[in-house]
Amino acid sequence: MFVRRGLIRGANRPGCAERDRWLFTVPWVAEFAEERLTFQAVIFFAGDNGSGRFARPPALPETGGFLRAEMAVQRAEYLGGVPGCWSNGTSAMSHGKGLLAVSWEMVDKRGFCVMGEPEAALSLTSCLRLVGLMHELGGSGAEVVCPSHLPIFAATSGADIVEIGEHGFWRVKWDERDRLDRWRRYLANPDRFLRHIVV
């Protein structure tokens, strides 16, 4: 395991005056400032839009990667064929195929991989291929952290799911998620939802 737990050390925890700063008004961040979060080989963060906060990561070692879907094509084209990166040239591939090509090359890295909402580029079939990859990575000694809105990824065998929202963060089982029930109800009867949106 590359990351076993996440925490804010005592000296860096916000004082009383700092708790009014915007960052610490985000419920799960405020809770994280008080608690520690343990990590598994594959961990998903799930929540509604706006639950998280994006910040560019610091420089990563060769055994690491940060892949945000909307940056994938540009980075893949730029680094394709560069030693230490991926061998496949992705300039002739679609966004989704390029993302998958880069992701599969990462299987051999056995490192720490952050995949930021990879569903933005992928069809259902490609999402399922990525589930297979994440499962393989988790069993190979790699570690995957993936914020995602889709229940497809969170169903990865053996994955840990951390729900974040207005009440902080908490661990859930895949079939206990409220959002999963919403997806099921929507797919079973889209008109029930759409009649309130489409006039």
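See the structure shown above.
The residue count restarts for each chain, going from 1 along the sequence in the order it is written. Owing to the predicted nature of the model, reporting of local features is limited to residues with pLDDT of at least 70; listing and counting of side-chain atom pairs is limited to 80 or more, with chain, interface and lining totals taken over all residues. Calculated side-chain values reflect all of the structure's heavy atoms, with hydrogen atoms and water omitted.

> Help me understand the side chain of E119 in this model?
Note on conventions: DSSP H or I runs of at least 4 residues are helices, E runs of at least 2 residues are strands, and numbering of each starts at the N terminus. Turning to its location among the elements, E119 is positioned in the loop between strand 5 (112–116) and helix 4 (124–139). The definition of a polar contact used here is a pair of N or O atoms within 3.5 Å, where within protein one atom must be able to donate a hydrogen and the other to accept one, and adjacent residues in sequence count solely through side-chain atom pairs. Here the side chain of E119 touches S148 through a polar contact of 3.0 Å, side chain to side chain. Only 3.0 Å separates the side chain of E119 from the backbone nitrogen of H149, close enough to count as a polar contact. Should any heavy atoms of two residues lie within 4.5 Å, those residues are counted as being in contact. In this structure, E119 is in contact with C127, S148, H149, L150 and F153, ignoring residues within four places of it in sequence.

> Even after reading the chapter, I still don't get the packing of helix 3 (residues 95–105) against helix 4, so can you show me in this structure?
Helix packing for two helices is described by the angle between their axes and how far apart those axes are. At a minimum axis separation of 11 Å, helix 3 and helix 4 run at an interaxial angle of 10 degrees. Regarding the angle of helix 3 to helix 4, the classification is roughly parallel. Crossing handedness for the pair helix 3 and helix 4: left-handed. Here L100, S103 and W104 of helix 3 come into contact with helix 4, specifically with S126, R129, L130, L133 and E136. Just so you know the grouping, Ala, Val, Leu, Ile, Met, Phe, Trp, Tyr, Cys and Pro go in nonpolar, Asp, Glu, Lys and Arg go in charged, and all remaining residues, Gly too, go in polar. Across the contact of helix 3 with helix 4, the residue classes tally to 4 nonpolar, 2 polar and 2 charged. In this analysis, axes come from line fits to C-alpha atoms, helices being fitted only over the stretch in contact, and the angle between any two N-to-C directions falls in the range 0 to 180 degrees. Orientation categories follow fixed angle ranges, with anything under 35 degrees roughly parallel, anything over 145 roughly antiparallel, 65 to 115 roughly perpendicular, and all other angles oblique. Handedness of a helix crossing follows the sense of rotation of the near helix relative to the far helix, less than a right angle counterclockwise being left-handed and clockwise being right-handed.

> I tried to follow helix 4 on my own but got confused; where do I start?
Side chains of residues three or four places apart in an α-helix project in the same direction, reflecting 3.6 residues per turn. Take the number of residues in a helix, subtract one, and multiply by 1.5 Å to get its expected span. Over its 16 residues, helix 4 extends 23 Å from the first C-alpha to the last, a length consistent with the 22 Å expected when each residue adds 1.5 Å. Relative accessibility thresholds used throughout: buried, under 20% of the residue-type maximum; exposed, over 50%; partly exposed, between the two (1.4 Å probe, protein chains only). Residues of helix 4 that are buried include every one of S126, C127, L130, V131, L133, M134 and L137, and no others. Check the buried side of helix 4 and you find it contacts strand 3 (42–46), helix 3, strand 5, strand 6 (143–147) and helix 5 (151–154). In the segment just after helix 4, G141 is the residue with positive phi, at about 100 degrees.

> What should I look at first to understand the nonpolar core in this one?
Note that soluble globular proteins tend to have their nonpolar side chains buried in a common cluster. Formed by 19 residues in total, the largest nonpolar core has its most connected members in M115, L122, L130, M134 and F153. Secondary-structure elements contributing two or more residues to this core are strand 3, helix 3, strand 5, helix 4 and strand 6. Among residues more than four places away in sequence, those in contact with F153 are F44, P118, E119, L122, C127, L130, V131, M134 and S148. Among buried residues, the Ala, Val, Leu, Ile, Met, Phe, Trp, Tyr and Cys ones that are joined through side-chain atoms within 4.5 Å form a nonpolar core. I8, A33, L37 and I164 belong to the second largest nonpolar core, which has 16 residues in total.

> How do you make sense of the pairing of strand 7 (residues 160–165) when you look at a structure like this?
For a regular strand, side-chain orientation follows a simple rule: the groups alternate between the two sheet faces. The element strand 7 is largely enclosed, with a buried count of 6 among its 6 residues. Whether two strands pair comes down to DSSP finding at least two bridges between them. Across 4 bridges, the pairing between strand 3 and strand 7 is parallel. Within strand 7, the residue paired with A46 across the bridge is E163. Bridge count between strand 7 and strand 8 (residues 168–172): 5 bridges; the pairing is antiparallel. Residue pairing across strands places E163 opposite W170, the latter belonging to strand 8. Between the antiparallel neighbours strand 7 and strand 8 lie 2 residues.

> Teacher, can you tell me more about the packing of aromatic side chains here?
Remark: the centre distance and the inter-plane angle together describe each pair of aromatic rings, the angle taken between the planes. Aromatic contacts are taken between Phe, Tyr and Trp rings whose centres are within 6.5 Å, Trp giving its six-membered ring; a plane angle under 30 degrees counts as stacked, one over 60 as edge-to-face, and the others as tilted. The full count for this structure, using the stated rule, is 2 aromatic pairs. Consider the rings of Y186 and F193, whose centres lie 5.7 Å apart with planes at 75 degrees: the pair is edge-to-face. Residue Y186 is classed as partly exposed on the basis of its relative accessible area of 31%. Given the relative accessible area of 26%, F193 is considered partly exposed.

> Got a minute to help me understand the environment of G132 in this structure?
The residue G132 is located in helix 4 in this model. Along the sequence, G132 and T156 sit 24 residues apart, while their C-alpha atoms lie 7.6 Å from each other.

> What is the right way to look at a nonpolar patch on the surface in this model?
Residues W183, Y186, L187, L194, I197 and V198 make up a contiguous nonpolar surface patch of about 590 Å² in total accessible area. Per-element tally for the nonpolar patch: the top contributor is helix 6 (residues 178–188), with 3 residues. Here V198 lies in the segment after helix 7 (190–194). By relative accessible area, V198 is classed as exposed at 55%. Within the patch definition used here, like charges are joined within 9 Å and nonpolar side chains (Val, Leu, Ile, Met, Phe, Trp, Tyr) within 5 Å, considering only residues with over 30% relative accessible area and no salt bridge. Working definition of accessibility: Shrake-Rupley area with a 1.4 Å probe, residue cover restricted to the visible protein chains. Each salt bridge in this description consists of a side-chain nitrogen of Lys or Arg and a carboxyl oxygen of Asp or Glu lying within 4 Å of one another.

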